[in-house]
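So the chains spell out like this:
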Amino acid sequence: MELKADNISFSYNKKREILKDISLSVKSDQIIGLIGDSGSGKSTLCKIMAGYITHYTGNVTLDGNQIPDKDYYPVQLIFQHPEKTMNPKWKMNKVLNESWTPTQDLKDTFGLKDAWLTRWPNELSGGELQRFSILRALNPKTKFIIADEISTMLDAVTQVQIWEALINHCKANNIGILAVSHDDELLDVICDDIIKFNEINNL
Ligand SMILES: Nc1ncnc2c1ncn2[C@@H]1O[C@H](COP(=O)(O)OP(=O)(O)OP(=O)(O)O)[C@@H](O)[C@H]1O
């Protein structure tokens, strides 16, 4: 499969255009990196490609087709701050199983401990919470993952564990990844190709 953004332009308000005529593509067997200046619009592009922002111009397609937003959205966005995406009034068991029920094998692969399931989100660390948000995004209907600075706040060991588990799962299940990061060393190690955001944003 191929996820494509074609000629995407967007502004939050009339004063300033954030994205101008941006095009990029990711195939199922690829990990594509996206690097660029802070505030240049990378997260905005991620939200557009994952269906969170809909009032843009241009096209986001999967194998040339518009992505229907009524069913499960096959492009899943994982954010830098997992706590912002979780209901603070839900225990982690409910948070984890909201979209699908991950197997015990997968929970083990991501180092997710059963003891965490009975806690509230504010009783877990950033690294522990990020394991939940990644597992939630790996519903079998997911075709592409957009990882927006998912390991920025984690220590080096946790960063490696999480990326290794995510990449292994995605390779085995033919899920393509768009990885946004300021860490060029990380992108050099994990990506097939790295796109410089400033060069594709035609402002
Ligand atoms: N909801 C919003 N309303 C108005 N402006 C916004 C909104 N969200 C982001 N912006 C602005 O849009 C611009 C692009 O933000 P965005 O978060 O996409 O950049 P980024 O490249 O991901 O930055 P960083 O690398 O720092 O995460 C910034 O100037 C930001 O202030």
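Residue positions are given per chain, counted from 1 along the sequence in the order it is written. Local features in a predicted model are, by the rule used here, given only for residues with pLDDT of at least 70; side-chain atom pairs are given and counted only at 80 or more, and totals for whole chains, interfaces and linings are based on all residues. The side-chain numbers reported here are obtained from all heavy atoms of the structure, hydrogens and water having been left aside.

Enquirer: Would you mind going over the site of the ligand with me for this structure?
Expert: Taken together, the residues surrounding the ligand are Tyr12, Arg16, Ile18, Asp37, Ser38, Gly39, Ser40, Gly41, Lys42, Ser43, Thr44 and His182. Contacts to the ligand include serine 40, whose backbone N or O atom sits 3.1 Å from an oxygen atom. Interatomic distance of 2.5 Å between a side-chain N/O atom of threonine 44 and an oxygen atom of the ligand. Its free accessible area being 640 Å², the ligand has 60% of it covered by the protein chains. All amino acids are sorted into three groups, where Ala, Val, Leu, Ile, Met, Phe, Trp, Tyr, Cys and Pro are nonpolar, Asp, Glu, Lys and Arg are charged, and the leftover types, Gly among them, are polar. The residue makeup of the shell around the ligand, split by class, is two nonpolar, seven polar and three charged. We call a residue near a given molecule or strand whenever any one of its heavy atoms falls within 4 Å of it. In protein, a polar contact means a hydrogen-donor-capable atom and an acceptor-capable atom, both N or O and within 3.5 Å, with residues adjacent in sequence counting only if both atoms are side-chain atoms; elsewhere, any N or O pair within 3.5 Å suffices. Note on areas: Shrake-Rupley, 1.4 Å probe, and residue coverage restricted to the protein chains presented here.

Enquirer: Where do I start with the UniProt feature "domain: ABC transporter" (unreviewed entry) in the protein in this structure?
Expert: In the numbering adopted here, UniProt assigns the feature "domain: ABC transporter" (unreviewed entry) to residues 3-203. Helix numbers and strand numbers start at the N terminus; a helix is a DSSP run of H or I with at least 4 residues, a strand a run of E with at least 2. With 29% helix and 24% strand, the stretch residues 3-203 has end C-alpha atoms that lie 23 Å from each other. UniProt positions are given in the numbering used here, feature names are shortened, and annotations may be inferred rather than shown by experiment.

Enquirer: Just to check I follow, could you spell out unusual backbone geometry for this structure?
Expert: Negative phi characterises most residues that are not glycine, and trans characterises most peptide bonds. The backbone of aspartate 21 sits at a positive phi, close to 55°, despite the residue not being glycine. Note that aspartate 21 resides in strand β2 (residues 19-27).

Enquirer: How should the side chain of serine 28 be read in this particular structure?
Expert: Its location among the elements puts serine 28 in the loop between β2 and β3 (31-35). We call two residues in contact when some of their heavy atoms are within 4.5 Å. Serine 28 has contacts with Met1, Phe144, Asn174, Ile175 and Gly176, leaving out every residue within four places of it along the chain.

Enquirer: Could you clarify how one ought to interpret the nonpolar core in this entry?
Expert: A general trend in soluble globular proteins is that nonpolar side chains are found buried together. Residues belong to one nonpolar core when they are buried, are Ala, Val, Leu, Ile, Met, Phe, Trp, Tyr or Cys, and are joined through side-chain atoms within 4.5 Å. We call a residue buried when its accessible area falls under 20% of the maximum for its residue type, exposed when it is over 50%, and partly exposed in between, using a 1.4 Å probe and counting protein chains only. Membership of the largest hydrophobic core comes to 37 residues, with the highest contact counts inside it found for Phe132, Ile145, Trp163, Leu166 and Ile177. If you list the elements that add at least two residues to this core, you get β3, α2 (92-96), α4 (126-137), β7 (144-148), α5 (156-172), β8 (176-180) and α6 (184-190). A per-element tally of this core places α5 first, with six residues. Leave out the neighbours within four places in its chain, and isoleucine 145 touches Gln76, Ile78, Ala137, Leu138, Cys170, Ile175, Gly176, Ile177 and Leu178. Residues Ala5, Ile22, Ile32 and Ile146 belong to the second largest nonpolar core, which totals 30 residues.

Enquirer: Would you mind showing me how to read the pattern of salt bridges here?
Expert: Side-chain pairing between opposite charges can occur once the charged atoms of the two side chains come close. By definition here, a salt bridge exists when the distance from a side-chain nitrogen of Lys or Arg to a carboxyl oxygen of Asp or Glu is within 4 Å. Tallied over the entire structure, the rule returns one salt bridge. Across the pair arginine 136 and glutamate 98 runs a salt bridge, and its minimum N-O distance is 3.1 Å. With arginine 136 in helix α4 and glutamate 98 in the loop between α2 and α3 (104-109), this pair connects stretches of sequence that are 38 residues apart. A residue is classified by how much of its surface remains accessible, and arginine 136, at 12% relative accessible area, is buried.

Enquirer: Before we go on, may I ask you to explain the sheet that holds β7 in this structure?
Expert: Sheet strands pair by backbone hydrogen bonding; their relative direction is either parallel or antiparallel. Spatial ordering of the open sheet is given by β6-β7-β8-β3-β9, a layout of five strands whose pairing is parallel. Of all the strands in the sheet, the pair left with one neighbour each is β6 (75-78) and β9 (193-196). Sheet twist, expressed as the mean angle between neighbouring strand axes with direction ignored, is 20°. Only the stretch in contact is used when a helix axis is fitted, and all axes are lines through C-alpha atoms; the angle between N-to-C directions ranges over 0 to 180 degrees. The strands that helix α1 (residues 42-49) touches are β3, β6, β7 and β8; relative to β7, the one it contacts most, it runs at about 155°. Packing of α5 onto the sheet brings it into contact with β3, β7 and β8, and relative to β8 it is tilted by some 150°. Pairing between strands is defined by DSSP: at least two bridges between them are needed.

Enquirer: What should I look at first to understand the sheet that holds strand β5 (residues 65-66) in this one?
Expert: Strand order in the open sheet formed by four strands is β2-β1-β4-β5, with antiparallel pairing between adjacent strands. Every other strand in the sheet has two partners, leaving β2 and β5 as the edge strands with one partner each. Note: strand β1 (residues 2-10) against strand β4 (residues 57-62), five bridges, orientation antiparallel. Its bridge partner lying in β4, lysine 4 is registered against threonine 61.

Enquirer: Before we go on, may I ask you to explain α4 in this structure?
Expert: Because each turn of an α-helix spans 3.6 residues, side chains separated by three or four positions in sequence point in the same direction. With 12 residues, α4 should reach 16 Å at 1.5 Å per residue; the first-to-last C-alpha distance of 17 Å fits that figure. Buried residues dominate α4, accounting for 10 of its 12 residues. Taken together, the buried positions of α4 are Gly127, Leu129, Gln130, Arg131, Phe132, Ser133, Ile134, Leu135, Arg136 and Ala137. Against the buried residues of α4 lie β6, α2, α3, β7 and α5. To estimate how far a helix should reach, multiply one less than its number of residues by 1.5 Å.

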